[in-house]
Amino acid sequence: MKFTASQADLSYGLQTVAKAVSTKNTLPILSGILIKGDGNRLNLTATDLEIGIECMVSAQVAEEGSIVLPARYLTEIVRKIPAAAVEVEVDPRNYTAVLRWDRSQYTIHGFSPEQFPFLPRATQDSGNKLPQNVLRNMIRQTAFAVSHDETRPILTGAQMTLRDGHCHLLATDGVRIAYRRTALPESPQGEQSSSLVLPGRTLSELSRLLAANDEDTVGISVTPTQAFFDLGDVRLVSRLLEGQYPDVLRLVPQSYSTSLTLSAQQLHDACERASLIARDGSGAIKLGIDPERVTITSSTPEVGQVYEEVAASVQGDPLEIGLNPRFLMDGLKALDSDQLLFEFSGNRTPSRMKPQDRDDFLYVVLPIVVW
Amino acid sequence: MGRIQVLDEQTANLIAAGEVVERPASVVKELVENALDAGASRVDIEMEEGGLRLVRVVDDGSGMDRDDARLCLERHATSKIRRGTDLFAIHTLGFRGEALPSIASVSRLEILTRPASEVAGTRVATEGGRDLRLEDAGCPVGTRITVEDLFFNTPARLKYLKSPGSETGQVSDVFTRLALSRPDVAFQLMSGGSVLSSTPGNGSLLDAVGSLYGTKLARGLTAVSWENGPTRVTGYIAKPEFARANRTHQHLFVNGRYIKGSSLRFPVEEAYRNLLMTGRFPVFFLSVEVDPEQVDVNVHPTKLDVRFSQEREVKAALYRAVQEALALTELVPSVTWGEGAPASGFAPASGFAPATASPGRPPDDGGAGGAPQDPGSPWSLLAMGEAAATYLTGGGMAGLTEGEAGVGTAGAAGVGAPGAAPTVGEAVEKGAVFAPGARQGGATVHHPELLALRPLGQVLRSYIVADGPDGLYLIDQHAAHERVYFERFARERESRLTQPLLIPLELELAPQERALFEASREVLTGAGFEFADLSGGTLLVTGVPAVVGESAAPGFFRDFLDRLAGGSSDGHALDKGLEVKRAMAACKAAIKAHDPLTLAELQGLIYQLACAEHPYSCPHGRPTMISLSEGELERRFKRTGA
Ligand SMILES: Nc1ncnc2c1ncn2[C@@H]1O[C@H](COP(=O)(O)OP(=O)(O)O)[C@@H](O)[C@H]1O
Ligand SMILES: [Mg+2]
């Protein structure tokens, strides 16, 4: 194989796929990136068998062929090449690549491309499509709530459900739930519902790849064990987490005896201030709700006390409830709306927050019981 | 004809010998215990070839008359218990009347003995327990028992013995334990004609430790003296810096009896937790006295383990005694530069190793409250008062000119300005409540001696350099701050928070774990756990203490149950788990190495450290500070005429 590519394109492509390179050292071939050249483009692939990322970049391919080159060296070198273009020539007999630019020449030893695992492809296009920035926001609004507890592996992923022309994304770590829903603009005919659990890492890699605009779309297809995200010149394949995802929304109370309407920003900032003082301990704050006022209090014996009043309109029973300010702030940041509806049904049961004017986002959090 | 026969005496003795007499060391143990039971004030032990050729124990105790000298070789002949019920209240070391006949059955044994009341002594000799010969013999008051050619008639048992060298080692171990158990008795161990070790027998445990282990360790010991009702804990514990990689230097005596491998060592180790790195074990010499009615020693013929009817209380006593003693010790390892490594400077590995601690109260055997006996050690509390006063009121603070203003600001951040204190001496007298700034929430200064440290600056943005009464001090800022946070978190345990769980944690428990869990359920709920009822082998956890957090809870639980299974009491097992969490949180919260700090912040950190209960090590057991004494500095700069 022999090709010439622009340094910028090649570097972009390598860095895009490098995130999928295996960090475990069990299979040496997985520490490499598969480079395949045909026609006028290069196909770059990396995988750790959990996630695979594929990226197409344009190049002048003089001789078709392929090779696997160690990601660590290749990515770093290409990134630092000072020239506009780089020529790569591969010796297929000993799997060695020579990189040339200006008067420099680097030789890198690689692996046989035959050993590289075959990356599965979607068998058919399901037709589920979303603007890239929409999926990106959905991930931002939910993925923070996935569990990091390896003893309950299923909760380390987020549940994605494609049903009734909607895409639902939900994550929980057993203490809070973040849920977001959006309509699929191009809902295919005769669509079947599917539900899958995406590993937390897939979500963060995916969100890194997704563009911040709504012109580019991302296609989602699913098989029983894999999910495919097609971003145009980049494709991501992810293994799914196996197992039954708990139906946590069922555990959320349906009726609330106390409800608040207030500014999400103000509550967030107040929590942030209070947590400066509460931070040293386990960080609980107390929310005091009565028709006259809503207060935030906290005390850390060594540091001092917090007292804040927040403007809010209160409906229902007075209540005192302990909350983790960090969890509150996470939810408030994900809300994407300033007017917040915050509902409670006692100080031992889950409380719920959502934008006052929308139903597409929900954040449920359990209190902290002070005794 | 029936096939059951009553074993003849000789056979019974051989069987018992299998249990009691394993090797020369066990012979030494039995003979010395007999000597001690006989009220000896001096015991000399001699051996040849690791005791295989010969073991001889000479005492100046009560001796035996002719009848007793003959009787003592009969099985279950003992002068120490008369009735079965006596077994429940044992004051002497031997009581089974098994040792002498057992030893006699596997060796050539000679007894030479005389009580003070008789003019003539008795000589008894046997070979393999047979052919008892009894005759008059002249000898001093006391008893000399010689055991030759051990196992000469049971070659199979000889095979299990190690080389004479290793048997000598085992005898030495036994000797050390016995000698430590009775500082009032002079012991001497000889092998092949030369003295291996000895103790003065002047009643001082410290002197006994010193003669067995060397003065360096003895000077690093802290006295323990604790009492509650009939339970007394006395002895010495070594500072954390003397910790070892195994438990061979842990000595525990219950009612004067050496106890080996007992779970009683756990409470002691737990008192040291966070002062030691993992894998390091404290060195201690502790004696517990309890009501003899509470102890059951008749568990094993070699009597190395005991049972208590009040095991929990005894463990709690040990824990508290050691913890209190540790809290009273200052634990700065002082350092000397080894001669061989002048240039390699401050690396602990190369010559900057903790040496004999000049800080710390000089261990005084009488426990007279730490009066400074060694005028060269200004680190003792009383001497400290003066030195500190000089630093605080005299010119010491003048160097802190820009600090004056800075300290004021620091006060707002919970840091007191030491300059505002009367003197440390006064503070100590007033119960050490040190409230310099109006905003200071009445934190107690536990270690006023630390207030005498005057920070000079930071090196490598990681270590605080301070001038202090004993010379130069270096404080690891991260370790110090970790300690401060750790203790704060520990106090905040009082504010009890539980995080209920949306989805209960399911934990599979094995049957024995289930029993452990049920027994400790209350302790767990007391710490903030909530459970749904145990169904089958699955435990549903519906709430966890906020300090533990949800994701760490399953691991926390496993560790807790493992500790219980390993013999820890549930309270300690729980505390230990919680402390691991706190140590992690403290590490995260603490300032890091390479964080630049102002002089006022340095001063503040020292103040906070003085308020800590265990300021001298971080929660992981690493030292927070080291010192370089004036003497060491003088020596280094060749100012002394050495
Ligand atoms: N060194 C000694 N001095 C005085 N009496 C001894 C000595 N050694 C043994 N005896 C006597 O011999 C008895 C038997 O000893 P032993 O077989 O060790 O049994 P025990 O020590 O369990 O009573 C003791 O009870 C004691 O009366
Ligand atoms: Mg005996």
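Residues numbered from 1 in each chain as written. Chains lettered and ligands numbered in written order. Predicted model: local features only at pLDDT ≥ 70, side-chain atom pairs only at ≥ 80, totals over all residues. Heavy atoms only, no water.

Q: What exactly am I supposed to notice about the overall build of chain A here?
A: What chain A contains, in helices and strands, is six helices and 27 strands. Per-residue burial for chain A yields a buried fraction of 53% across its 371 residues. In chain A, once contacts between residues fewer than 6 apart in sequence are set aside, the share between residues at least 24 apart is 66%. For chain A, the exposed area adds up to about 17,200 Å²; of that, 47% sits on carbon and sulfur atoms. (Helix = DSSP H or I, 4+ residues; strand = E, 2+ residues; numbered from the N terminus. Buried < 20%, exposed > 50% of the residue type's maximum accessible area, 1.4 Å probe, protein only. Contact = heavy atoms within 4.5 Å. Areas by Shrake-Rupley, 256 points an atom, 1.4 Å probe, with all protein chains shown as cover.)

Q: What exactly am I supposed to notice about the overall build of chain B here?
A: The helix and strand tally for chain B stands at 19 helices and 23 strands. When the 642 residues of chain B are sorted by exposure, 52% land in the buried category. Once local pairs closer than 6 in sequence are excluded, the contacts in chain B between residues at least 24 apart make up 68%. When the accessible surface of chain B is totalled, it reaches about 28,000 Å², and 53% of it is carbon and sulfur.

Q: Hey, could you run me through the sheet that holds strand E4 (residues 121-127) of chain B in this one?
A: Paired through their backbone hydrogen bonds, the strands of a sheet run either parallel or antiparallel. Residues and elements named next belong to chain B. The strand order E5-E4-E3-E6-E2-E1-E7-E8 describes an open sheet built from eight strands, whose pairing is mixed. One side of each edge strand has no neighbouring strand; the edge strands of this open sheet are strand E5 (130-137) and strand E8 (194-198). Each neighbouring strand pair of the sheet contributes to a mean axis angle of 15°, computed without reference to strand direction. Relative to E4, strand E3 (residues 108-114) is paired through six bridges, and the arrangement is antiparallel. By the bridge assignment for E4, Leu109 is matched with Thr126. Set on the sheet, helix H2 (residues 24-37) makes contact with strand E1 (42-48), strand E2 (54-59), strand E6 (142-148) and strand E7 (186-191); between it and E2 the angle comes to about 10°. (Pairing = 2+ DSSP bridges. Axes fitted to C-alpha atoms, helices over the stretch in contact; angles between N-to-C directions.)

Q: Any chance you could explain the packing of helix H1 (residues 7-18) of chain A against helix H2 (residues 71-80) of chain A here in plain terms?
A: Helix packing geometry: the angle between the two helix axes and the distance between the axes. All names here are of chain A. With their axes 9 Å apart at the nearest point, H1 and H2 run at an angle of 150° to one another. Judged by the inter-axis angle, H1 sits roughly antiparallel to H2. Taken as a pair, H1 and H2 cross one another with a handedness that is left-handed. Between H1 and H2, the contacting residues are Gln7, Leu10, Ser11, Leu14, Gln15 and Ala18 on the first element and Leu74, Thr75, Val78 and Arg79 on the second. (Parallel < 35°, antiparallel > 145°, perpendicular 65-115°, else oblique. Left-handed = near helix turned anticlockwise from the far one by under 90°.)

Q: Is there a simple way to think about the side chain of Gln7 of chain A in this case?
A: Residue and element names in this part refer to chain A. Of note, Gln7 is situated in helix H1. A relative accessible area of 15% means that Gln7 is categorised as buried. In this view, Gln7 contacts Val78, Arg79, Ile81, Ala83, Ala84 and Ala85; residues no more than four positions away in its chain are not counted.

Q: Explanation requested: the interface of chain B and chain A in the structure shown.
A: How big an interface is tends to be expressed through the accessible area that disappears when the partners come together. Counting residues at the interface gives 24 residues for chain B and 29 residues for chain A. At the boundary of chain B with chain A, total buried surface from both sides reaches about 2,300 Å², with 59% on carbon and sulfur atoms. Contact with chain A buries surface across chain B, with Leu497, Leu502 and Ile503 of chain B losing the most and accounting together for 29% of the total. Across the contact surface, chain B and chain A share one salt bridge. As a salt-bridge pair, Arg348 of chain A and Glu530 of chain B come within 2.9 Å of each other at their nearest N and O atoms. (Buried area = accessible area lost by both parts, 1.4 Å probe. Salt bridge = Lys/Arg side-chain N within 4 Å of Asp/Glu carboxyl O.)

Q: Teacher, can you tell me more about a nonpolar patch on the surface here?
A: Residue and element names in this part refer to chain B. There is a patch of nonpolar side chains on the surface, built from Val459, Leu460 and Tyr463 and spanning about 290 Å² of accessible area. In this fold, Leu460 is placed in the loop between strand E17 (454-459) and strand E18 (463-468). Leu460 gets classed as exposed once you look at its relative accessible area, which sits at 65%. (Patch = residues over 30% accessible without salt bridge, like charges linked within 9 Å, V, L, I, M, F, W, Y side chains within 5 Å.)

Q: Would you mind showing me how to read H1 of chain A here?
A: Given 3.6 residues per helical turn, the α-helix brings residues three or four places apart onto the same face. For H1 of chain A, which comprises 12 residues, the first-to-last C-alpha distance of 16 Å matches the rise-based estimate of 16 Å (1.5 Å per residue) to within 8%. Taken together, the buried positions of H1 of chain A are occupied by Gln7, Leu10, Ser11, Gly13, Leu14, Thr16 and Val17 of chain A. (Expected span 1.5 Å × (residues − 1).)

Q: What exactly am I supposed to notice about the sheet that holds strand E12 (residues 257-259) of chain B here?
A: Residue and element names in this part refer to chain B. With mixed pairing, the five strands of this open sheet are ordered in space as E9-E10-E13-E11-E12. Edge positions in the sheet fall to strand E9 (221-228) and E12, since each has one partner strand and no second. With direction set aside, neighbouring strand axes in the sheet form an average angle of 20°. Of the strand pairs in this sheet, strand E11 (residues 250-254) and strand E13 (residues 284-289) are connected by five bridges, and their pairing is parallel. When the bridges of E13 are listed, Phe253 appears paired with Ser287. Against the sheet, helix H10 (residues 311-327) makes contact with E9, strand E10 (231-238), E11 and E13, and its axis sits at roughly 135° relative to E9, the strand it touches most.

Q: It is not clear to me how a negative patch on the surface should be interpreted in this structure. Could you clarify?
A: A cluster of acidic residues, Asp214, Glu215, Asp216 and Asp233 of chain A, forms a negative patch at the surface. Within the secondary structure, Asp233 of chain A is located in the loop between strand E16 (226-230) and strand E17 (234-239). (Lys, Arg positive; Asp, Glu negative; His and termini not counted. Charge placed at Lys NZ, Arg CZ, Asp CG, Glu CD.)

Q: Mind showing me how you'd approach the packing of aromatic side chains here?
A: Centre-to-centre distance and the angle between the planes together describe a pair of aromatic rings. Residue and element names in this part refer to chain B. Tallying each qualifying case throughout the model produces seven aromatic pairs over all chains. Pairing Phe517 with Phe531 gives two aromatic rings, centres 4.9 Å apart and planes at 80°, and the pair type is edge-to-face. Taken as a pair, Phe517 in helix H15 (residues 511-526) and Phe531 in strand E21 (residues 530-531) lie far apart in primary sequence, 14 residues in all. Judged by relative accessible area, Phe517 falls into the buried class, the value being 0%. Under the relative-accessibility criterion, Phe531 is labelled buried at 14%. Ring pairing ties together the aromatic residues Phe517, Phe529 and Phe531, which thus form one cluster. Over the ring of Phe152 we find Arg108, and its NZ or CZ is 4.2 Å from the ring centre. (Phe/Tyr/Trp six-rings, centres within 6.5 Å; stacked < 30°, edge-to-face > 60°. Lys NZ or Arg CZ within 6 Å of the ring centre and 35° of its normal.)

Q: Sorry, what's going on with the pairing of strand E20 (residues 497-508) of chain B here?
A: For a regular strand, side-chain orientation follows a simple rule: the groups alternate between the two sheet faces. Where burial is concerned, most of E20 of chain B is hidden: nine out of the 12 residues are buried. Where strand E27 (residues 369-370) of chain A and E20 of chain B come together, two bridges link them in antiparallel fashion. The residue bridging Val369 of chain A from the neighbouring strand is Thr498 of chain B, located in E20 of chain B. Relative to strand E22 (residues 538-545) of chain B, E20 of chain B runs antiparallel, the two being bridged by seven bridges. Opposite Glu508 of chain B, over in E22 of chain B, you have Thr538 of chain B as the bridge partner.

Q: Mind showing me how you'd approach the environment of Ser6 of chain A here?
A: Residue and element names in this part refer to chain A. The topology assignment puts Ser6 in strand E1 (residues 2-6). Residues Ser6 and Gln60 lie 54 residues apart in sequence; the distance between their C-alpha atoms is 9.4 Å. Apart from residues lying up to four places away in sequence, Ser6 is in contact with Ala84 and Ala85. Within the structure, the side chain of Ser6 is placed 2.9 Å from the backbone nitrogen of Asp9, a separation counted as a polar contact. (Polar contact = N/O pair within 3.5 Å; in protein donor to acceptor, adjacent residues only side chain to side chain.)

Q: Please explain the environment of Ala179 of chain B as it appears in this structure.
A: All names here are of chain B. Along the chain, the position of Ala179 falls in helix H6 (residues 164-181). C-alpha separation for the pair Ala179 and Ser198, spaced 19 residues apart in sequence, amounts to 8.2 Å. Those residues in contact with Ala179 that lie beyond four places of it in its chain are Phe187, Thr199 and Leu212.

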